[in-house]
There are 2 protein chains.
Amino acid sequence: MTALKKYQISFNPAGKTVDVLAGTSILDAARLSGINISAVCGGKGSCGKCRVIINQGNVSPVSENEVTLISSENIEKGHRLACSAFPQSNLKVDIPEVSMTDEFKLQLEGENPSVDADSPVKSYEVKIKPPSLREPASDLARVSDELKAGFGITDPSVDIYALKKLPALLRKESSETMVFMRQNEIIGFLPAGSSPAGIAVDLGTTKVAAYLMDLKSGKVIASAGAVNPQTAYGDDVMSRLDYSINQKKKPDTPYRSLSEVIRDLINDMTGKLVEETGITGEHVADMCIAGNTAMIHLFLDLPVEQLAKSPYVAAVDTSIDVKAREAGINICPGAYIHFLPGIGGFVGGDHTAMIIGSGIDRKKHITLGVDIGTNTEIVLHNPVKGTCRALSCPSGPAFEGAHVSDGMRAAKGAIESVRLTDREVLCKTIGDAEPIGMCGSGIIDTLAELYRLGLINARGRFDRDNPRIKQGEFGSEFVISEGGSGNGRIVITQKDIAEIQLAKGAIRAGIESLMEADGIDVNDVSEVILAGAFGTYINLVSAVEIGLFPAFPNAGYNQVGNSAGTGVRMALLSGKERKRAEEIALKIKYLELTTHKSFNQRFARGMSFPLEKQVADSID
Amino acid sequence: MTALKKYQISFNPAGKTVDVLAGTSILDAARLSGINISAVCGGKGSCGKCRVIINQGNVSPVSENEVTLISSENIEKGHRLACSAFPQSNLKVDIPEVSMTDEFKLQLEGENPSVDADSPVKSYEVKIKPPSLREPASDLARVSDELKAGFGITDPSVDIYALKKLPALLRKESSETMVFMRQNEIIGFLPAGSSPAGIAVDLGTTKVAAYLMDLKSGKVIASAGAVNPQTAYGDDVMSRLDYSINQKKKPDTPYRSLSEVIRDLINDMTGKLVEETGITGEHVADMCIAGNTAMIHLFLDLPVEQLAKSPYVAAVDTSIDVKAREAGINICPGAYIHFLPGIGGFVGGDHTAMIIGSGIDRKKHITLGVDIGTNTEIVLHNPVKGTCRALSCPSGPAFEGAHVSDGMRAAKGAIESVRLTDREVLCKTIGDAEPIGMCGSGIIDTLAELYRLGLINARGRFDRDNPRIKQGEFGSEFVISEGGSGNGRIVITQKDIAEIQLAKGAIRAGIESLMEADGIDVNDVSEVILAGAFGTYINLVSAVEIGLFPAFPNAGYNQVGNSAGTGVRMALLSGKERKRAEEIALKIKYLELTTHKSFNQRFARGMSFPLEKQVADSID
């Protein structure tokens with residue numbers, strides 16, 4: 001028996017090199033070296049998203065699924081699926097931008113929160129008497145004496161890790177010290193003059209936004225956005241849950257858990273935010289996280305087996321407070337993380353945050369809130385009846401570019417808007433770069449234009465008789481861009497259209513199911529709030545034209561950006577807003593779509609394109 | 001340069017073998033292999049307690065301090081100090097019983113607590129509805145619903161580690177589950193029918209006693225005693241603090257921290273206690289620990305620099321509650337450890353427990369409580385004036401056999417009582433074994449008898465003209481046992497007597513200082529309570545004869561055994577007793593001896609032997 005050979009793989013443009021044993025896929029090698037490659041299917045070879053280019057060296061023969069998913073032209077150029085290619089020598093591998101998960105259109109920050117800062121964390125500066133042999137009161141006793149004398153605080157408890165820092169602080173700094181408290185618990189001792197900061201985290205399936213805030217003034221000091229690195233283990237929630245479950249069955253696997261992966265990111269972001277602003281991690285005395293139910297389970301390393309199969313039950317979806325260190329987050333020694341409460345099923349604290357942030361719960365008229373993503377959460381607030389209902393529909397990642405031939409996320413080079421003239425295709429790309437793919441808004445535009453010009457019919461079928469419809473390697477297609485200068489052709493195929501139809505069908509059916517449950521129709525809706533990055537960039541006319549939304553004759557549209565980010569910042573700043581979140585979570589009735597009897601009919605109908613064109617009238 | 005050689009060292013009777021690099025002392029090798037060898041001085045070569053016998057192999061030449069501390073006869077037999085001998089080949093090493101820290105006279109259990117079980121931990125059995133697609137309420141929400149419906153419990157918080165166990169439990173067991181709660185926090189989910197247990201720990205500098213109790217019935221289910229394994233790193237508190245401080249300065253040292261060492265023991269004891277009784281560690285839903293200030297600091301890995309030097313300030317000496325897992329103790333996922341509050345200086349929660357356990361605080365007459373150890377804690381309760389004072393005096397380890405030529409702990413083979421006739425020495429040993437040394441009670445008896453027969457004078461000097469006083473290798477000595485059958489001679493030297501005089505002088509001065517501070521004299525004291533193992537075995541007549549205690553003409557003596565153990569069991573069982581401990585700790589005035597003006601005079605005087613003999617009259 002001979003030992004397994006080792007190969008060195010260098011990744012570009014990441015500039016990282018990793019040594020792996022023979023038998024390790026390029027995808028796993030990238031993961032091992034911390035490079036995030038898109039892998040929607042979780043590395044099963046079915047999604048075709050983990051495209052890499054072998055620049056130097058020998059790899060295993062092209063597999064069957066690669067033949068299906070990569071054009072022969074590109075295979076000749078060295079294109080491979082990272083999950084299906086195995087090194088047979090040292091390699092140099094390029095990761096095309098389209099496969100990277102790291103470069104994104106910046107998350108809109110949403111409106112700034114307008115709440116009074118009323119953080120559960122307070123700070124008290126006290127002057128501590130030195131101990132003497134005659135009065136050798138303990139360090140904590142001397143602090144408690146001053147807290148009582150100066151601020152009337154009695155019998156505070158103390159976090160053990162905060163306490164560990166006290167003796168050195170009292171002997172290094174001046175006799176003044178700053179005590180951070182959360183309710184009646186001392187959570188940190190800091191040098192005099194320190195001010196408590198907090199971090200609000202909008203923990204999305206795809207993107208993570210973090211806001212460093214001054215807990216006293218309520219101001220955002222710094223903010224940062226990043227891709228959720230779990231994306232490298234599967235784009236959608238279910239792939240990640242499956243990955244996590246399988247990994248736990250094989251505890252010897254060298255891969256990091258999804259919990260570690262996301263905790264590392266939050267620690268990194270925290271480190272950068274505090275470094276930027278000249279404070280220390282210890283000043284971060286509070287954290288508030290909003291995320292969907294699965295993201296929170298993975299973050300806290302809660303069991304997910306029961307969440308991944310019917311009836312999809314969470315371990316917890318109420319709010320929960322966890323010591324940051326016990327969630328692996330290194331901030332102020334005794335700080336907690338507050339996780340916002342979820343509503344039901346997969347509708348989690350991010351949706352609660354979105355409602356707070358956009359103020360849907362306080363609207364005086366019937367309001368529909370939609371947050372489009374891999375799962376699309378929809379809420380219908382009816383103050384007339386005093387009802388509020390929410391649901392989540394499995395819209396899939398098509399609007400995020402996955403399962404679409406030339407789809408991609410909203411990154412540089414993505415086509416974000418499309419107009420068709422009789423002869424031409426007019427595109428705009430993000431960053432005005434050469435087009436390398438299409439993101440959701442571009443895809444919706446394309447479909448609306450194809451339908452407007454009759455190039456597809458109401459069932460989404462191409463008019464094959466039209467000369468603009470070509471026959472490509474994968475059947476009928478419409479060419480958006482012929483490519484050139486190193487970039488490939490960008491097309492939309494019949495199969496792509498079917499994917500979009502599934503996504504829009506689900507969302508449309510969700511909206512209709514909510515209206516039906518509440519006993520209202522499109523005429524009753526006064527406002528439609530579109531939250532999230534995608535909701536902001538979407539062309540509303542196109543969206544109604546393809547039937548993603550019904551036409552609401554009496555509604556105004558409101559594109560609020562990342563209002564989940566706004567909401568979680570509000571909750572970070574204010575105990576009252578946390579209570580408001582509890583009340584919202586308690587009040588909203590969760591509607592489970594799969595048990596809703598008319599959902600399937602509506603879904604099927606929603607996949608079609610609207611026959612009547614009320615579109616222009618319904619958009620203000 | 002050549003690599004350092006490695007040697008294999010086998011220890012008997014432990015039966016353990018360890019590989020070490022050349023340059024590692026035998027003491028360090030023993031520590032590395034987990035074998036506890038007495039090392040009062042912390043391995044500096046000055047106490048002579050870490051005696052081992054080299055049975056096979058070559059070691060470094062005999063050092064100067066070994067020549068001083070070991071007789072030439074024994075050096076020839078291969079006796080060495082483990083701290084001063086270094087291997088030069090593979091070795092077989094015997095550890096004589098006298099150097100081992102593992103075999104001890106059993107700790108007396110003290111009186112059984114007579115409190116109503118009123119634990120802060122309660123248990124609730126609930127029947128949980130299965131989830132459905134139509135009502136996919138989270139696992140926690142379904143439990144909370146039943147807690148509310150069945151027991152009126154609203155808005156419980158949940159420990160995150162308890163929560164991690166819930167999904168599997170609900171899917172494995174029947175629909176019933178047992179919820180352990182502490183106040184309003186859920187700390188564990190267990191199979192239906194589980195009953196919460198708790199462990200009370202009397203964490204002594206030398207010995208550790210642990211009691212597994214049923215929190216509902218208040219009964220002791222099992223108990224265990226062990227030597228505090230920190231003893232291998234120094235017998236007294238100061239040596240251990242020094243060791244810990246030095247170790248933290250060299251983080252690369254391979255030795256375990258003193259915190260780890262004691263946590264491991266508590267985990268081991270817990271494991272054995274639960275195994276014995278057929279429950280699991282998860283059933284242990286509460287823990288209560290009483291220990292002196294230094295022991296608690298080391299246990300919790302709190303900084304000790306400020307505690308080890310004047311003015312000897314604790315980080316904390318109030319009560320504190322810490323999640324067991326955060327103190328490295330593996331019991332019920334969300335369980336806490338409650339540390340009893342200390343009184344001041346080194347007078348810690350063990351003394352508070354002793355007061356609760358013996359009921360000193362409730363006595364209607366003036367009561368003196370004495371707990372003799374390396375530090376001796378003394379409390380004077382005066383219900384007439386409503387005062388209560390306590391102090392700690394540095395009595396040193398002489399009564400525990402250290403710093404005395406043939407002293408040893410109260411282990412098998414220790415001489416525990418001595419009577420002198422005109423010709424003979426009558427001894428009784430523990431376990432009726434061949435004598436191998438003298439423990440504290442034997443030492444006190446010997447001094448009392450020597451004084452009674454005029455072999456020493458009031459200043460403790462030997463009457464060299466008496467033929468029973470011999471001149472030995474280390475000066476004047478009195479021979480207790482000539483030895484034989486493999487055991488050496490047992491003698492008491494002038495230097496030994498001086499050590500005992502220091503110890504008794506400190507304790508006597510402490511008692512007198514307390515009486516002076518309270519303005520009372522020996523006639524006012526109605527009861528003397530002697531706590532702790534040593535206080536139980538002591539011969540009271542001898543103790544008064546040598547002047548360890550003043551003669552109290554009107555006092556009854558009460559030898560209560562390990563009442564700290566009783567007290568900590570009471571605190572485990574009852575929230576009321578924890579409050580009582582707080583009140584005691586708050587009320588008792590701590591007297592710092594070193595600042596007490598007449599202490600030094602009293603100390604000097606206390607070293608003498610009493611000239612008037614009121615002894616027999618004062619003992620009832």
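Look a little higher up for the structure.
What counts as what
- Throughout, a residue's number is its position along its own chain's written sequence, starting from 1.
- Going through the entries in the order they are written, you letter the chains from A and number the ligands from 1.
- The model is predicted, so local features are restricted to residues of pLDDT at least 70 and side-chain atom pairs to those at 80 or more, both for listing and for counting; the totals for chains, interfaces and linings are taken over all residues.
- Processing note: side-chain calculations cover all non-hydrogen atoms of the structure and skip hydrogens and water entirely.
- Secondary structure is summarised from DSSP: a helix means a run of H or I of at least four residues, a strand means a run of E of at least two, and numbering begins at the N terminus for each.
- Values of the radius of gyration come from C-alpha atoms, whereas the globule rule sets the reference at 2.2 Å times the count of residues to the power 0.38.
- Should any heavy atoms of two residues lie within 4.5 Å, those residues are counted as being in contact.
- Each copy is superposed on the other by least squares, with the fit set by C-alpha atoms of residues at a pLDDT of at least 70 in both.
- When two components associate, each loses some accessible surface as probed by a 1.4 Å sphere; the sum of these losses over both components is called the buried area.
- The rule for a salt bridge is simple: a side-chain nitrogen of Lys or Arg has to be within 4 Å of a carboxyl oxygen of Asp or Glu.
- Here a polar contact means two N or O atoms within 3.5 Å. Within protein one must be a hydrogen donor candidate and the other an acceptor candidate, and residues neighboring in sequence count only if both atoms are side-chain atoms.
- For this scheme, ten residues count as nonpolar: Ala, Val, Leu, Ile, Met, Phe, Trp, Tyr, Cys and Pro. Four count as charged, namely Asp, Glu, Lys and Arg, and the remainder, Gly too, count as polar.

Draft legend 1. Structural view of the overall build of chain A. A tally of regular secondary structure across chain A gives 18 helices and 27 strands. What you see for chain A is a C-alpha radius of gyration of 27 Å, in line with the 25 Å of a compact globule of 620 residues. In terms of overall dimensions, chain A has C-alpha extents of about 100 × 75 × 45 Å along its principal axes. For chain A, long-range pairs separated by at least 24 residues make up 67% of all intrachain contacts whose partners lie at least 6 apart in sequence.

Draft legend 2. Molecular detail of the relation of the copies chain A and chain B. Of the transformation superimposing chain A on chain B, the axial component is 0.1 Å and the angular component is 180 degrees, with the fit at an RMSD of 0.1 Å. The superposition operator between the copies reduces to a two-fold rotation axis. Ranked by how close their C-alpha atoms come to the rotation axis, the residues of chain A are headed by A:Glu326, at 4.5 Å. Take the interface residues of chain A: 100% of them recur as interface residues in chain B, which is what a same-surface contact looks like.

Draft legend 3. Spatial organisation of the interface of chain A and chain B. Facing 39 residues of chain A, the contacting portion of chain B comprises 39 residues. Buried area between chain A and chain B, summed over both chains or domains, comes out near 3400 Å², and the portion from carbon and sulfur atoms is 65%. Its largest share of buried area at the contact with chain B, chain A owes to A:Leu133, A:Lys164 and A:Glu326, together 19% of the area lost on that side. Taken together, the links from chain A to chain B amount to two salt bridges. A salt bridge links B:Glu326 to A:Arg325, with the shortest nitrogen-to-oxygen separation between them at 2.5 Å. Joining chain A to chain B, the criterion identifies ten residue pairs in polar contact (both at pLDDT 80 or more). Contributing elements (two or more residues each) for the side of chain A that touches chain B: α4 (139-151), α5 (160-172) and β14 (320-323) of chain A. Class assignment for the residues of the side of chain A that touches chain B results in 22 nonpolar, seven polar and ten charged.

Draft legend 4. Just the side chain of B:Arg602, in detail. Residue and element names in this part refer to chain B. The topology assignment puts Arg-602 in helix α16 (residues 599-606). Within the structure, the side chain of Arg-602 is placed 3.2 Å from the side chain of Glu-512, a separation counted as a polar contact. Ignoring any residue separated from it by four or fewer positions in sequence, one finds Arg-602 in contact with Ala-509, Glu-512, Ser-513 and Glu-516.

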